Amino acid sequence: MNLTLKIWRQKDAQSSGSMQSYAVEGISEDMSFLEMLDTLNEQLNERGEEPVAFDHDCREGICGSCDLMINGQAHGPEVTTTCQLHMRSFSDGQTITIEPWRAGAFPVVKDLIVDRSAFDRIIQSGGYISVNTGSAPEANSVPAPRDKAMRAFNVATCIGCGACVAACPNGSASLFLGAKITHLGELPQGQPERMGRVASMVAQHDAEGFGGCTNIGECTAACPKEIPLDVISQLNKDLRDALRAGY
Amino acid sequence: MASTADVSGLTVLNGPPEQRSDDAHGYYTPAPEKLVDAKAPTGLIKDRWTTRKMDNRLVNPANRRKLDIIIVGTGLAGGAAAATLGEAGYNVKSFCYQDSPRRAHSIAAQGGINAAKNYKEDGDSTYRLFYDTVKGGDYRSRESNVYRLAEVSANIIDQCVAQGVPFARDYGGLLDNRSFGGVQVSRTFYARGQTGQQLLIGAYQAMERQVAAGTVTQYTRHEMLEVIVVDGKARGIIARDLVTGEIETHLADVVVLASGGYGNVFYLSTNAMGSNVTATWRAHRKGAYMANPCYTQIHPTCIPVSGDHQSKLTLMSESLRNDGRIWVPKNKEDCTKDPRDIPEEDRDYYLERIYPSFGNLVPRDIASRQAKNMCDEGRGVGPMVGDFRRGVYLDFADAIARLGEDAVREKYDNLFDMYERITGENPYEVPMRIYPAVHYVMGGLWVDYDLQSNIPGLFVTGEANFSDHGANRLGASALMQGLADGYFVLPNTIRDYLADGPFEQVDEAHPAVVEARTSVQERIDKFLSIGGSRSADSFHKELGNIMWEYCGMERSEEGLRKAIDMIRELKAEFWSNLKVLGTADSLNQSLEKAGRVADFIELGELMCIDALNRRESCGGHFRAESQTEDGEALRHDEEFAYVAAWEFGGEGGQPVLHKEDLIYTAIEMKQRSYK
Ligand SMILES: Cc1cc2nc3c(=O)[nH]c(=O)nc-3n(C[C@H](O)[C@H](O)[C@H](O)COP(=O)(O)OP(=O)(O)OC[C@H]3O[C@@H](n4cnc5c(N)ncnc54)[C@H](O)[C@@H]3O)c2cc1C
Ligand code: SF4
Ligand code: FES
């Protein structure tokens, strides 16, 4: 198929950017979305134009690198990552708009690449269980109820892509944050630090410039790992408990 | 299996190998003397690690923060080491090329991690895990290293659980595990199909905790491009800030490479797009030996190539072979038919036919090679790629009839979904198509028992080293090795080296530093100034085709010689006809790619030379000249029970081959048989 692409081009963080139009030809529907962009880049390189920069690595939907706004939707029209989206979801002759994540806390680095280091800093503020190597007890000495362990696992599948933030009209990272609070909070090992964790992670979230949650639900709709909205209820509940306890 | 009573560690069970063939004559220079691991422990195998830990010197806690450690890589091996060394109080600098440490390719591991916990009381033990791993590696690994790996495996699970890794659990809330990759005990711990992700997030969080504590500084979107060697010791790295393009010098007392595997030398593999050999290849060019580079693991169950546009291959978990039946049409004419219209009697369930006792569950290398044989005979299915159809059926119709669609769905739903997303075909209705793909490399930088390369102060961990898997890696053992190295082995061995530190301060104006910086800068300028007509990617694809054709699942003397010539030509063209646009002082993905491809080309040549020299079939390395009458792999222990450690021979020079004999005291070598 042949497509018209409208792509955000921006030289670097300091420069301002603009949308540019490109025609690509000979796209097969078995290609992934990123292979379609590879094809464009190969063609640009031949023509002497600088290829479009975009983040990607595993191309298996697990590393969380890829992050494109496609026709206004984070990761495009399917519930999956950009790298797992295939061209059979589009049709011949279509115009596709491709932009970077839009959120104040994720500044553009170049073209379609943004800076998501705020997520690392949120984890640094408490997204862990404090246990030094070598000091762990025998693994089966503390059983974890199966249903809680399953819930912990389900939300721990978050890949840190940031689609939830990009999709949220408030630019909130509550889904990402709630997923981590719930993952660690559901496990017995996560209890000792539970209150301090939520208090400091929320503070970091706000300091990074992410917005507040007003329960719109766009985040969970965009999430490629289908992290459910109830992690935000869990987040709020844990935060309430922590604040009451004086954290 | 030998009983533990045999584990004296004192009886030598095999003699030193004597190589008679010399296929690679003219391509290499033999080293005059045998290579000896000076750190190899002695004594009873079960006591070796304990003794070493006791003997290794300690570093006074007050001195630790004066010691700088550079760790390149934030996968399981690098992330776990950064966290642990940070906790110990050292000053750690951690590097990765992605935008966050959490995105290292360990994240993609699916199946699980082995540990000798014996929770199922099914007779597992440290010795049995050791035995399985050495045998699985086709007797081409060091027994002391593997024993240590098995020994620390149980601690890994304890550590991960304490960090909050949500492993699968049974109804009583205790840890579940399963059997994996053809072993007879149940020792694989898992978190659904995302074990690597969960383990990596555990290591990442532990590392971020140290970032907050100020012991670890993380440098993301940074690519290491050179090692700095001062007075024979590794003292730092040159890295490029991938956002600003700035070339940075980072100095330290010790450098650790945990930069993962180089499977992308084949262009198409299950590795991440950015996985590369640059970190280890640059170290190799600075003097570090590259060991067994030709040992590659080709995984049998991946989604086949669909066309020329393909950028990577996706693994489908090995567990599918438990219920799926593998077949191809008996007649070539049927290859283009709808598989559902091919009657039972016209199907060849070739694994069940050739290996009646293991059937579809034969080890990875065998399943892969037979799939290739079928396709080479012209009985492959799916689209034509080049001259052949490269695919075989993995059929669940019997399993669905036997267990019901719901039961199959419960077991494999996420894999079936993934398959459908990529291929557009519904595997509940049409048999899946699979084909082997490059997945893992057993080869890597040579290290001693302490995980130190032959360059003092340069340590290498995880997939980047060669140490534990011999010629073939068993399923669920790379995660085990990465975390064993990172959490337990390296922190205990590196301290013996650091006990002599802090080392004399190195000045940025030191000639060795200036030389490293200048060479990096010159290389970048060169890439940008060639001004040819081909993209780095197009060279990479071409290299991949050569490697896959001649250094893939089956290698022959003639093919390897041809490949070496072709790679040399490709290299010449690369350096004269490459086209890289953009600038050096900005984010430039084409420039990054060019550097990686340049190194892959050189590695590819060395892999072919190594494969040419090793005129035997072992593990993932199958030499056409060395097979039994019925086409099975034939090892030659008396000639090749050694590690081939290659020294860089200088630009345009020949690599030097150092041989380290593999001597077993706790396990006896046997030919594998799966018939
Ligand atoms: C699809 C797939 C499934 C797998 N499944 C399993 C499984 O079920 N069980 C199992 O045991 N094993 C499995 N493996 C193998 C296993 O995942 C890997 O061998 C292992 O995770 C490698 O870990 P590592 O820490 O050595 O390297 P990686 O995790 O690859 O990390 C490499 C790190 O080095 C950094 N790096 C690389 N080069 C540079 C450079 N030049 N400069 C700066 N940084 C650099 C990267 O940024 C990254 O942080 C699987 C592998 C794949 C590909
Ligand atoms: S919650 Fe979902 S959308 Fe948000 S970062 Fe995690 S995986 Fe991405
Ligand atoms: S590239 Fe890794 S999730 Fe898309």
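Note that the coordinates shown come from a computational prediction; the quantities given were computed from them, not determined experimentally. (Residues numbered from 1 in each chain as written. Chains lettered and ligands numbered in written order. Predicted model: local features only at pLDDT ≥ 70, side-chain atom pairs only at ≥ 80, totals over all residues. Heavy atoms only, no water.)

Caption draft 1: Quick peek at the overall build of chain B. The number of helices and strands found in chain B is 17 helices and 22 strands. The globule rule puts the C-alpha radius of gyration for 675 residues at 26 Å, and the 24 Å found for chain B is close to it. With the principal axes as the frame, chain B shows a C-alpha extent of 75 × 60 × 50 Å. Scored against the burial criterion, the 675 residues of chain B give a buried share of 66%. For chain B, restricting intrachain contacts to residue pairs at least 6 apart in sequence, the fraction spanning at least 24 positions comes to 74%. Across chain B, the 76 positively charged side chains and the 96 negatively charged ones have centroids separated by 2 Å. (Helix = DSSP H or I, 4+ residues; strand = E, 2+ residues; numbered from the N terminus. Rg over C-alpha atoms; globule rule 2.2 N^0.38 Å. Buried < 20%, exposed > 50% of the residue type's maximum accessible area, 1.4 Å probe, protein only. Contact = heavy atoms within 4.5 Å. Lys, Arg positive; Asp, Glu negative; His and termini not counted. Charge placed at Lys NZ, Arg CZ, Asp CG, Glu CD.)

Caption draft 2: Summary view of helix H11 (residues 405-423) of chain B. All names here are of chain B. Look at H11: only 20 Å from first C-alpha to last across 19 residues, short of the 27 Å you get at 1.5 Å a residue. Its axis deflected by about 80° at Tyr-412, H11 carries its strongest bend there. Three or more residues of H11 are buried, namely Val-408, Tyr-412, Leu-415, Phe-416, Met-418, Tyr-419, Ile-422 and Thr-423. Of the surrounding secondary structure, the elements contacted by the buried residues of H11 are helix H10 (397-403) and strand S18 (432-441). (Expected span 1.5 Å × (residues − 1). Bend = angle between axes of the 7 residues up to and from the residue.)

Caption draft 3: Looking closely at the pairing of strand S7 (residues 222-230) of chain B. All names here are of chain B. Of all nine residues in S7, eight are buried, a share of seventy percent or more. Taken together, the eight bridges between S7 and strand S8 (residues 233-241) define a ladder with antiparallel strand orientation. Following the sheet pairing, Ile-228 is matched in S8 by Gly-236. The hairpin turn running from S7 into S8, its antiparallel successor, is two residues long, and Asp-231 in that turn takes a positive phi close to 50°. (Pairing = 2+ DSSP bridges.)

Caption draft 4: Quick peek at the site of ligand 1. Residues and elements named next belong to chain B. As a matter of local geometry, ligand 1 sits amid 39 residues, with Gln-98, Ser-106, Gly-111, Glu-463 and Leu-479 nearest to it. Between an oxygen atom of ligand 1 and a main-chain N or O atom of Ala-77, the distance comes to 3.0 Å. Note that an oxygen atom of ligand 1 is positioned 2.8 Å from one of the backbone N or O atoms of Leu-479. With the chains in place, 97% of the 1000 Å² that ligand 1 exposes on its own is no longer accessible. When contributions to the shell around ligand 1 are tallied by element, the ones reaching two or more residues are helix H3 (76-88), S7, S18 and helix H12 (478-498). (Near = heavy atom within 4 Å. Polar contact = N/O pair within 3.5 Å; in protein donor to acceptor, adjacent residues only side chain to side chain. Areas by Shrake-Rupley, 256 points an atom, 1.4 Å probe, with all protein chains shown as cover.)

Caption draft 5: Spatial organisation of the site of ligand 2. Taken together, Phe119(A), Cys158(A), Ile159(A), Gly160(A), Cys161(A), Gly162(A), Ala163(A), Cys164(A), Leu175(A), Cys223(A), Pro224(A) and Ile227(A) make up the full set of residues adjacent to ligand 2. The residue inventory of the shell around ligand 2, partitioned by class, reads 10 nonpolar, two polar and no charged. (Nonpolar A, V, L, I, M, F, W, Y, C, P; charged D, E, K, R; others polar.)

Caption draft 6: The domain arrangement of chain A, seen in detail. All names here are of chain A. The domain architecture assigned to chain A consists of domain 1 (3-110) and domain 2 (116-131 + 142-244). A separation of 28 Å is found between the C-alpha centroids of domain 1 and domain 2. On the domain 2 side, the residues contacting the 19 residues of domain 1 number 18 residues. Counting each side, the surface lost to burial between domain 1 and domain 2 is near 1300 Å², with a carbon and sulfur contribution of 65%. In this assembly, domain 1 and domain 2 are joined by two salt bridges. Here Asp-67 ties to Arg-116 by a salt bridge, and the two come within 3.4 Å at their closest N and O atoms. (Domains from an automatic or database assignment. Buried area = accessible area lost by both parts, 1.4 Å probe. Salt bridge = Lys/Arg side-chain N within 4 Å of Asp/Glu carboxyl O.)

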